[in-house]
Amino acid sequence: GQIENFVSAGCDLIMVHPSDANAVEDACAEARNFGIKVMCWDDPMKNTDGNWILNNTNLGIAIGELAGDFINQHYSAEKKAQVAVIGYPQTVILLERENGIKQGLENKAAGKYEIVASQAALEPNLAQDAMEIILQAHPDCRVVTGIGAGPMIGADEALQIATGGKIPEDMGVFTTDVTKQQLGQLADPTYPAKGIIGFEGSDEDTGRSCAAMFALILSNKLENKNVFRGVAPITPETVAKIMAGMK
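I will try to describe carefully the structure that is included in this document. (Residues numbered from 1 in each chain as written. Predicted model: local features only at pLDDT ≥ 70, side-chain atom pairs only at ≥ 80, totals over all residues. Heavy atoms only, no water.)

1. Things to note about the overall build of the protein
Piece 1. Scanning the protein from N- to C-terminus turns up nine helices and ten strands.
Piece 2. Along the first, second and third principal axes, the C-alpha atoms of the protein reach 65 × 35 × 30 Å.
Piece 3. Burial analysis of the protein (247 residues in total) assigns 47% to the buried set.
Piece 4. Pairs at least 24 residues apart make up 70% of the contacts formed inside the protein by residues separated by at least 6 positions.
Piece 5. Distance between charge centroids for the protein: 5 Å, based on 19 positive and 32 negative side chains. (Helix = DSSP H or I, 4+ residues; strand = E, 2+ residues; numbered from the N terminus. Buried < 20%, exposed > 50% of the residue type's maximum accessible area, 1.4 Å probe, protein only. Contact = heavy atoms within 4.5 Å. Lys, Arg positive; Asp, Glu negative; His and termini not counted. Charge placed at Lys NZ, Arg CZ, Asp CG, Glu CD.)

Below, the structure is given as structure tokens:
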């Protein structure tokens, strides 16, 4: 219905970010029949002029490798890191991220860690509960990887409570997404957040990149229909610059 309203309004371009891409394929096809350009955020849809998407396996690998670098700094084959993975295998793309995380850990820190727990949790409160359960069984678990903002926020809260805000240098949480709450925790040394795999950078950076996609689509200059978003780490050393663009 929203897409039909945009068609009636005479829009030149419609961007869709659907929870179910298949459910809006026909509506997007109809919009294109009227000469309206369509761009999809996150899904490789058929009835679009451009798709801005993630390779979720590669995103997971980047998370795992960032955590692996941290493990290499603080652990060894003789003193292995106990690692928890907070995933959400109920959806295909998040399972791809989770599997990528495991691959990234192995790429960087083979022989220096063991995954002691894998829990499914997407929302912060559920991730906090999951981390508290993990700590009951594995009190020495100090490295956490996750598939999104919820796992970082929740794990951070659980670990902050467990340590009284006195975070050991060998404790770290690594995930993706770039929310203001995550960035705030990354900048606060009383939380164990150590790294986020971000995309273009800040919200402003994402906006500029998205606008550039609009321009290419509207001018028929987009060379490849599926454009993969780049990823890059955000750390306590770089977080202030990113936060400046989160308005």
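2. Quick notes on the sheet that holds strand β1 (residues 13–16)
Piece 1. Spatially, four strands are ordered β1-β2-β3-β9 in an open sheet, and the strand pairing comes out parallel. Each having just a single partner strand, β1 and β9 (226–228) make up the two edges of the open sheet. Here the strands of the sheet are splayed against their neighbours by 20° on average, with no regard to which way each runs.
Piece 2. Judged from the three bridges that link them, strand β2 (residues 37–41) and strand β3 (residues 50–53) form a sheet pairing that is parallel. In the sheet register, cysteine 40 faces β3, and the bridge partner there is asparagine 51.
Piece 3. Packed on one face of the sheet, helix α8 (residues 203–218) meets β1, β2, β3 and β9 and runs near 145° to β2. (Pairing = 2+ DSSP bridges. Axes fitted to C-alpha atoms, helices over the stretch in contact; angles between N-to-C directions.)

3. Let's talk about the sheet that holds strand β10 (residues 232–234)
Piece 1. Within the open sheet, the six strands sit side by side as β5-β4-β6-β7-β8-β10. Their pairing is mixed. Looking at which strands have only one partner, the edges of the open sheet turn out to be β5 (113–120) and β10. Adjacent strand axes in the sheet meet at a mean angle of 20° when their direction is disregarded.
Piece 2. In this sheet, β10 lies alongside strand β8 (residues 193–198) in antiparallel orientation, the contact comprising three bridges. Looking at the pairing, glycine 198 lines up with alanine 232 of β10.
Piece 3. On top of the sheet, helix α6 (residues 149–163) reaches β4 (81–87), β6 (143–146), β7 (172–176) and β8; it is set at about 165° to β7, its chief contact.
Piece 4. On the sheet, helix α7 (residues 180–187) packs against β7, β8 and β10 and is oriented at approximately 140° with respect to β8.

4. Some details on the nonpolar core
Piece 1. Membership of the largest hydrophobic core comes to 28 residues, with the highest contact counts inside it found for Met131, Val144, Leu159, Val178, Leu183, Ile196 and Ile234.
Piece 2. It is helix α5 (residues 124–137) that provides the largest number of residues to this core, a total of five residues.
Piece 3. What valine 178 contacts, discounting residues up to four positions off in sequence, is Leu183, Ile196, Gly198, Phe199, Gly201, Ile234, Ile242 and Met246.
Piece 4. Core analysis: the second largest hydrophobic core is formed by 21 residues, Ala62, Ala67, Ala109 and Tyr113 among them. (Core = buried A, V, L, I, M, F, W, Y, C linked by side-chain atoms within 4.5 Å.)

5. Details of α7
Piece 1. Within α7, the full set of buried residues consists of Gln182, Leu183, Gln185 and Leu186. One side of α7 holds all its buried residues, which, seen down the axis, span an arc of 160°.
Piece 2. In the core, the buried residues of α7 are packed alongside α6, β7, β8, β10 and α9 (239–244). (Arc of directions from axis to C-beta.)

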